[in-house]
Amino acid sequence: MHLFFAYKLFWLNYAEFKGRSVRWEFWFVLLWHIAIFSILHGVTQLGSIFDLLGFDSHVGIIVVAVANGLLMGYELAIIVPLIALIVRRLHDMDVTGWVALVGLIPAIGEGLILLLMCAKSSPGPNKYDDEKN
C-alpha cells in the first residue's frame, strides 16, 4: 500500500517545497521512477529488434518515436516534483533544502544526494514542520 500511496503523494505535492517527507516516501518514488524509465527506455530499443525480425521499418520508427516522446515528456514532468521531494526529505532530517544543490556537482553530486536520502529522520518536531494546524 505504501508503494502506491507514495507515488500518488509525490504527484499531489508536485511543487510543494515546504514540510517533510519520510525515507520510505523517497525510496518508493525512486522505485516507481526506475520502473517507468526502464519500460519506456526498453520500448525505445524496439526499433532494432523490429529490423532483426523483418518487420516493416516504418512500424519500428513510429514505435520508437512515440516511446522517445513519452520518455522525454516523463523526464521533463518529473523534474520539479523530484526536486521538491528531495528538499522535503532534507527538511525531514532538519537540513536546509539548499543542500539539494549538491546534486548539481558532476559525477559526485547525485551519489551524495542518494547517501543523504538514506539518513534517518530527525526525531520529534523540527523547524520545517508544517504550520497547517
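Residues numbered from 1 in each chain as written. Predicted model: local features only at pLDDT ≥ 70, side-chain atom pairs only at ≥ 80, totals over all residues. Heavy atoms only, no water.

A. A look at unusual backbone geometry. Although it is not a glycine, D94 adopts a positive phi angle of roughly 65°. If you trace the backbone, D94 turns up in the loop between α4 (57-92) and α5 (109-117). Phi is positive for A107, close to 70°, though the residue is something other than glycine. Tracing the sequence through the fold places A107 in the loop between α4 and α5. A relative accessible area of 82% means that A107 is categorised as exposed. (Helix = DSSP H or I, 4+ residues; strand = E, 2+ residues; numbered from the N terminus. Buried < 20%, exposed > 50% of the residue type's maximum accessible area, 1.4 Å probe, protein only.)

B. Expanded view of the nonpolar core. Ranked by size, the top nonpolar core spans 18 residues in total, and within it F10, F26, I86, L90 and M117 carry the most contacts. Taken together, the elements giving at least two residues each to this core come down to α1 (2-12), α2 (23-44), α4 and α5. For this core, the leading source of residues is α4, giving 7 residues. The contact partners of F26, leaving out residues within four places of it in the chain, are L85, I86, R89, L114 and M117. (Core = buried A, V, L, I, M, F, W, Y, C linked by side-chain atoms within 4.5 Å. Contact = heavy atoms within 4.5 Å.)

C. Summary view of a nonpolar patch on the surface. Together, Y14, F17, L76, I79, V80 and I83 make up an exposed nonpolar region whose accessible area comes to about 510 Å². Summarising the element assignment, Y14 is placed in the loop between α1 and α2. (Patch = residues over 30% accessible without salt bridge, like charges linked within 9 Å, V, L, I, M, F, W, Y side chains within 5 Å. Areas by Shrake-Rupley, 256 points an atom, 1.4 Å probe, with all protein chains shown as cover. Salt bridge = Lys/Arg side-chain N within 4 Å of Asp/Glu carboxyl O.)

D. Summary view of the confidence of the model for the chain. Considering every residue of the chain, the mean pLDDT works out to 87; 92% of them sit at 70 or more. Within the chain, the element-level pLDDT minimum falls on helix α3 (residues 46-53), averaging 71, and the maximum on α5, averaging 93. (pLDDT = per-residue confidence, 0-100.)

E. Examining α5 more closely. Residues of α5 that are buried: G109, I113 and M117. Around the axis of α5, the buried residues are gathered within 75° of arc, so they sit on the same side. (Arc of directions from axis to C-beta.)

F. Region of the structure containing the side chain of R88. Within the secondary structure, R88 sits in helix α4. Only 2.7 Å separates the side chain of R88 from the backbone oxygen of E16, close enough to count as a polar contact. At 2.8 Å, the side chain of R88 and the side chain of S21 are in polar contact. R88 has contacts with N13, E16, F17, K18, G19, R20, S21 and E25, leaving out every residue within four places of it along the chain. (Polar contact = N/O pair within 3.5 Å; in protein donor to acceptor, adjacent residues only side chain to side chain.)

G. Seen up close, the pattern of salt bridges. Within the structure shown, the criterion is met by 3 salt bridges. A salt bridge links D92 to R20, with the shortest nitrogen-to-oxygen separation between them at 2.9 Å. Taken together, the residues D92 in helix α4 and R20 in the loop between α1 and α2 connect sequence positions 72 residues apart. Overall, D92 belongs to the buried group, its relative accessible area being 4%. With relative accessibility at 23%, the residue R20 sits in the partly exposed group. For E25, the salt bridge goes to R88, with nearest N and O atoms at 3.7 Å. With E25 in helix α2 and R88 in helix α4, this pair connects stretches of sequence that are 63 residues apart. As far as the burial class goes, E25 and R88 line up, both buried. One salt-bridge network, in which partners are shared between bridges, spans R20, R89 and D92.

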